[in-house]
Amino acid sequence: MEIQVKKQNNLNGPEWYFRAIAETNLAEKMTMSAKRVPYNRSNSRLEQEFVLSQGFSVRIRCRSQWRHGTCACVSFQTIYSVTMSWLTRILPKIASKPADAENKKKSPIPAGLWTKCPKCDQVLYKEELDDSLQVCPKCGHHLRLSGRKRLDAFLDWKGVHEEIGADVRPVDTLGFVDSKSYPTRLEASQGATKETDALVVMRGELRRRPVVAAAFDFAFMGGSMGSVVGERFALGVERALRENIPFVTFTSTGGARMQEGLLSLMQMAKTNAAVTLLEKARIPYVSVLTDPTMGGVSASFAFMGDVVIAEPQALIGFAGPRVIEQTVREKLPAGFQRSQMLLEKGAIDMIVDRRDMRQVVSELIALLSNKPTPSV
């Protein structure tokens, strides 16, 4: 223990500065902040206590006397007051294991077999949930489904699935950087979803009738619409026009992609123009809105379908509920912007359970095409 004592005169008389520097047997150096102690003739013995980390407290006792009108420190001593076990002080530190490490003991049950419904908190067997297309068998809550899995479940599994626009890749045209650069975010989303962008377009068959279907993947940057999404959508429409077959979309998106600025907003006009070509050619276009469908996508092609379908309890709108509440300074009613409310207001045509989507859409396409209803 090294003690530094310094006297400084001021208008009210001399003051002592105490600074204690302690070196423990763990080779850790600890410095205590200086303490200023007033001194006068009647107070010839000073005691100050410094509290160190690791449970040490050090008391410094200084005895001084006046000589020829000046004050001088003649002696001081330090007294250790240990508030922790002496054994703890002399033993080296042992890195404590985090609580999670103890819980991560090998279990005879493999990980990923069970999941919990976010609505009813029911623990579900993952295979059972996959068989029901990510719809909770207990409460009917529709969990989010990736774009590729959605198309695999929607199209005939025996038919040939041809992906459209897979070679179109995103480019950082603007050099956009927020907390992370745009290429970094793209790379992270591509690694997490194994997709190259937020929209998957396929040409396949629905109950033995050819269709072109496009589905968003919300896990890819919130399903945001950029230049690649707009181009793949347009390529899908071109294929439907060329073969004169129906076009079906499944939206799950937060809107336009801010990293592409005005280029992403231009996709709203591009996709709307493509849908207009379908209308002129009298080719059926069915739009299915899933949770969530927001922003620029909802303001463009999502509501342009000949028939607009929504999944139960899907969040659908332009601005989110929290943004609206902060703007109007009012609490929104329960179920605001949910598919049930939109059906009551006439914004959508019907609500269909995901498990019945194949049958309902195929019957609608047959009706719009003036063809007989396909057999199962």
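Residues numbered from 1 in each chain as written. Predicted model: local features only at pLDDT ≥ 70, side-chain atom pairs only at ≥ 80, totals over all residues. Heavy atoms only, no water.

*Asks:* Help me understand the packing of aromatic side chains in this model?
*Replies:* We describe a pair of aromatic rings using the distance from one ring centre to the other and the angle between the two ring planes. The final tally for this structure, using the stated rule, is 6 aromatic pairs. A centroid spacing of 6.1 Å and a plane angle of 15° characterise the contact between phenylalanine 216 and phenylalanine 301, whose relative ring orientation is stacked. With phenylalanine 216 in strand 12 (residues 209-216) and phenylalanine 301 in the loop between helix 8 (295-298) and strand 15 (307-310), this pair connects stretches of sequence that are 85 residues apart. Judged on exposure class, the residue phenylalanine 216 and its partner phenylalanine 301 are both buried. Taken together through their ring pairs, the aromatic side chains of Phe216, Phe233, Phe247, Tyr285 and Phe301 make up a single cluster. We note arginine 144 situated over the ring of phenylalanine 218; from NZ or CZ to the ring centre the distance is 4.4 Å. (Phe/Tyr/Trp six-rings, centres within 6.5 Å; stacked < 30°, edge-to-face > 60°. Helix = DSSP H or I, 4+ residues; strand = E, 2+ residues; numbered from the N terminus. Buried < 20%, exposed > 50% of the residue type's maximum accessible area, 1.4 Å probe, protein only. Lys NZ or Arg CZ within 6 Å of the ring centre and 35° of its normal.)

*Asks:* Help me understand the pairing of strand 11 (residues 199-206) in this model?
*Replies:* In the case of a regular strand, side chains alternate between the two sheet surfaces. In terms of residue burial, strand 11 counts as a mostly covered element, since 7 of its 8 residues are buried. Where strand 10 (residues 162-164) meets strand 11, 3 bridges bridge the pair, whose relative direction is antiparallel. Residue pairing for strand 11: glutamate 163 is matched across the bridge by methionine 202. As paired strands, strand 11 and strand 12 are joined by 8 bridges and run antiparallel to one another. When the bridges of strand 12 are listed, arginine 203 appears paired with valine 212. (Pairing = 2+ DSSP bridges.)

In short, the description is geometric, and any link to function would need to be established separately.
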